[in-house]
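Spelled out, the chains give:
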Amino acid sequence: MEHRNQVLWHPLLSDEDQDALKPEAHAVSYPKGAILTRAGEHSDYVVYLRTGHVKSCAQDPRAIFGIHGPGSMIGELAPLTGEPRSADLVALTPIDVLHIPGDVFLKLLQSNPQVHLALTRRLARRVRELGEVQEESFLTSERRLARAILRIVDSGIGVEGKNGLTIAGFSQSDLADLARISRESVSAVLKEFKVRGSVSTGRERFIIHDKTAIEVLAMRRDRSLI
């Protein structure tokens, strides 16, 4: 039986937290491909992702900065800094969200130390991940793509089946944007992965047959494990 890859973190807001926000927050559903915010936009609401997955990305130059799963708070820097949006937010799957007004979000942080701490930890992790992306500019295309694939896996978007973990909704162009390499490099590296039996590909989807091999290439595992 197939099942969705387990999300690797706890929801930022409990059911009680969400209920407390409902008088002022707005529940909204979006289809796959919907654009929630655009870079440069002046708005201060925060998006709490209840179900589905969202990517944060830029168009010029093209890049994917992150993939957000259920339980994530997205766009929280806008009310904290008062600056325009730094990225587009695009639904990778059908999603359900809470739109939380900026002032309500700030009150939540002031009144709920647990949420404040959890959000601070996640922001710290994102800063670290951005630093790792900068360091990856010195890595080979193979290693950069392996790390990008694992970031997708970590988001929990994959569906586990008898043939491996299926990741849908990602084209080779998307993988190039996430790994910060050319589409031609993605095509060449995926060809090598397929020869080794680590990955197979289809239209806007790929299946990971050997996650350990990908982790070794990304330097998350010791090579002696394969």
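Note that the structure is a prediction, hence the values are computed from the model and not measured.

(A) Main features of the overall build of the protein. Check the secondary structure of the protein and you find eight helices and 13 strands. Burial analysis of the protein (226 residues in total) assigns 45% to the buried set. In the protein, 72% of the contacts between residues at least 6 apart in sequence involve partners at least 24 apart.

(B) Spatial organisation of the pairing of strand β8 (residues 88-91). Alternating positions in β8 separate into two faces, Asp88 and Val90 on one and Leu89 and Ala91 on the other, with burial throughout. The pairing of strand β3 (residues 35-37) with β8 spans two bridges and is antiparallel. Bridge assignment links Thr37 to a residue of β8, and that residue is Leu89. Pairing of strand β5 (residues 54-59) with β8, which is carried by four bridges, proceeds in the antiparallel orientation.

(C) Quick look at the sheet that holds strand β9 (residues 95-100). Taken together, four strands build an open sheet; the order of strands is β2-β9-β4-β7 and the sheet is antiparallel. Taken across any chain shown, the strands that pair with only one partner, and hence form the sheet edges, are β2 (26-30) and β7 (73-74).

(D) Molecular detail of the packing of aromatic side chains. Counted according to the given criterion, the structure contains zero aromatic pairs. Arg85 extends its terminal NZ or CZ atom over the ring of Tyr45, reaching a point 5.0 Å from the ring centre.

(E) Representation of a nonpolar patch on the surface. Residues Leu77, Leu80 and Leu106 make up a contiguous nonpolar surface patch of about 220 Å² in total accessible area. Mapping Leu80 onto the fold places it in helix α2 (residues 77-81). Taking the relative accessible area as the measure of exposure, Leu80 reaches 41% and is therefore partly exposed.

(F) Focus on the sheet that holds β5. Strand order across the open sheet formed by four strands is β3-β8-β5-β6, with antiparallel pairing between neighbours. A single partner strand is all that each edge strand has here, and the edge strands are β3 and β6 (62-68). On average, each strand axis in the sheet is tilted by 30 degrees relative to the strand beside it, whichever way the strands run. Packing against the sheet, helix α6 (residues 172-179) makes contact with β5 and β6, and its axis sits at approximately 90 degrees to β6.

(G) The environment of Gly202, seen in detail. By secondary structure assignment, the location of Gly202 is in strand β12 (residues 199-202). Owing to a relative accessible area of 42%, Gly202 belongs among the partly exposed residues under this scheme. For the pair formed by Gly202 and Ser171, sequence separation is 31 residues and the distance between their alpha carbons is 9.0 Å.

(H) Here's a closer look at helix α3 (residues 102-111). All buried positions along α3 are accounted for by Gly102, Val104, Phe105, Leu108 and Leu109. With its buried residues spanning 160 degrees around the axis, α3 presents them on a single face. Of the exposed residues in α3, the ones pointing more than 90 degrees away from its buried face are Gln110 and Ser111.

(I) Highlighting the nonpolar core. Formed by 31 residues in total, the largest nonpolar core has its most connected members in Leu145, Ile149, Ile152, Phe170, Phe193, Phe206 and Ile214. Of all the elements in the fold, those that place two or more residues in this core are β6, α5 (141-154), β11 (164-168), α6, α7 (183-196), β13 (205-208) and α8 (211-217). The dominant element in this core, judged by the number of residues it contributes, is α5, at seven residues. By size, the runner-up hydrophobic cluster in this structure holds 15 residues, among which are Leu13, Leu98, Ile100 and Val115.

Here is what the cut-offs are and how they apply
Residues numbered from 1 in each chain as written. Predicted model: local features only at pLDDT ≥ 70, side-chain atom pairs only at ≥ 80, totals over all residues. Heavy atoms only, no water. Helix = DSSP H or I, 4+ residues; strand = E, 2+ residues; numbered from the N terminus. Buried < 20%, exposed > 50% of the residue type's maximum accessible area, 1.4 Å probe, protein only. Contact = heavy atoms within 4.5 Å. Pairing = 2+ DSSP bridges. Phe/Tyr/Trp six-rings, centres within 6.5 Å; stacked < 30°, edge-to-face > 60°. Lys NZ or Arg CZ within 6 Å of the ring centre and 35° of its normal. Patch = residues over 30% accessible without salt bridge, like charges linked within 9 Å, V, L, I, M, F, W, Y side chains within 5 Å. Areas by Shrake-Rupley, 256 points an atom, 1.4 Å probe, with all protein chains shown as cover. Salt bridge = Lys/Arg side-chain N within 4 Å of Asp/Glu carboxyl O. Axes fitted to C-alpha atoms, helices over the stretch in contact; angles between N-to-C directions. Arc of directions from axis to C-beta. Core = buried A, V, L, I, M, F, W, Y, C linked by side-chain atoms within 4.5 Å.

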